[in-house]
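Next come the chains, spelled out residue by residue.
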Amino acid sequence: MKYDEDDIIRQLSDPKTQRKAFETVVRQYSEPLYWHIRRIVVTHDDANDVLQNVFIKAWANLGSFRHDSKLSTWLYRIAVNESIDFQRRQKNIVSVSADDVDSGVANHLMADRFFDGNKASAMLEEAIQTLPDVQKNVFCLRYYNEMKYSEMSKVMKTTEGALKASYHIAVKKIAEFLKSND
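1. Examining the packing of helix α6 (residues 119–129) against helix α7 (residues 133–144)
A pair of packed helices is characterised by two quantities: the angle between their axes and the separation of those axes.
Here comes step 1: Relative to each other, α6 and α7 sit at 140°, their axes nearing to 9 Å. Classified by the angle between their axes, α6 and α7 sit oblique to one another. Along its contact with α6, which presents L124, E125, I128 and Q129, the element α7 presents K136, F139, C140, Y143 and Y144.
Here comes step 2: Per-class residue counts for the contact of α6 with α7 are six nonpolar, one polar and two charged.

Next up, the structure:
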């Protein structure tokens, strides 16, 4: 089925069609949002929990969607914020050293039955996890989602120049991490 964002937004504004339109939104965005979240929070179960929270927040706040950006931008903004909030809560629960290879993200991913990548993919994910939250989100939005800086600036609420700088620094840090862990 062809997804027409303007039509969906109109349906979301009408109480009679709102639920069905939101189901379409969930079907359309579940997978891309899941993968963005998964790259931030790492595990399948955590990504599913955060994704569920994203859609709960989106449903609860449909009335606050201002239509000054795309629906996808609004959803990614919620996903970014929920992912960061999740990570902050996790950091308060458990503090793990990024240098601890035995409990590193790569080993954790390789043991995850939902992870279908190889060791190189796992090491890239581990490198991403060493980045500060903003750089991590910018890298994932640009590298994996191929989001344009203009769209990212709306999601992240910052300038394109700042995003380009963050992405460049993130790429450099990831390259250094991978080189030092080769």
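2. Things to note about α7
Here comes step 1: For α7, with twelve residues, the first-to-last C-alpha span of 16 Å sits near the 16 Å given by 1.5 Å per residue.
Here comes step 2: What α7 keeps buried is the set D133, Q135, K136, N137, V138, F139, C140 and L141.
Here comes step 3: Among the residues trailing α7, E146 stands out with phi positive, at a value near 50°.

3. As for the packing of aromatic side chains
Here comes step 1: Under the counting rule described, the total for this entry stands at eight aromatic pairs.
Here comes step 2: Measuring from ring centre to ring centre gives 4.9 Å for F139 and Y143, while their planes differ by 15°; the resulting arrangement is stacked. Here F139 pairs with Y143, and both are found in helix α7, just four residues apart, close to one helical turn.
Here comes step 3: In this structure F139 comes out as buried when scored by relative accessible area, which is 4%.
Here comes step 4: Members of the aromatic cluster, connected to one another through ring pairs, are F139, Y143, Y144 and Y167.
Here comes step 5: In this structure, R39 is placed above the aromatic ring of Y144, and the distance from its NZ or CZ to the ring centre is 3.7 Å.

What counts, and at which threshold
- Residues numbered from 1 in each chain as written.
- Predicted model: local features only at pLDDT ≥ 70, side-chain atom pairs only at ≥ 80, totals over all residues.
- Heavy atoms only, no water.
- Axes fitted to C-alpha atoms, helices over the stretch in contact; angles between N-to-C directions.
- Helix = DSSP H or I, 4+ residues; strand = E, 2+ residues; numbered from the N terminus.
- Parallel < 35°, antiparallel > 145°, perpendicular 65-115°, else oblique.
- Contact = heavy atoms within 4.5 Å.
- Nonpolar A, V, L, I, M, F, W, Y, C, P; charged D, E, K, R; others polar.
- Expected span 1.5 Å × (residues − 1).
- Buried < 20%, exposed > 50% of the residue type's maximum accessible area, 1.4 Å probe, protein only.
- Phe/Tyr/Trp six-rings, centres within 6.5 Å; stacked < 30°, edge-to-face > 60°.
- Lys NZ or Arg CZ within 6 Å of the ring centre and 35° of its normal.

By themselves these figures say nothing about function.
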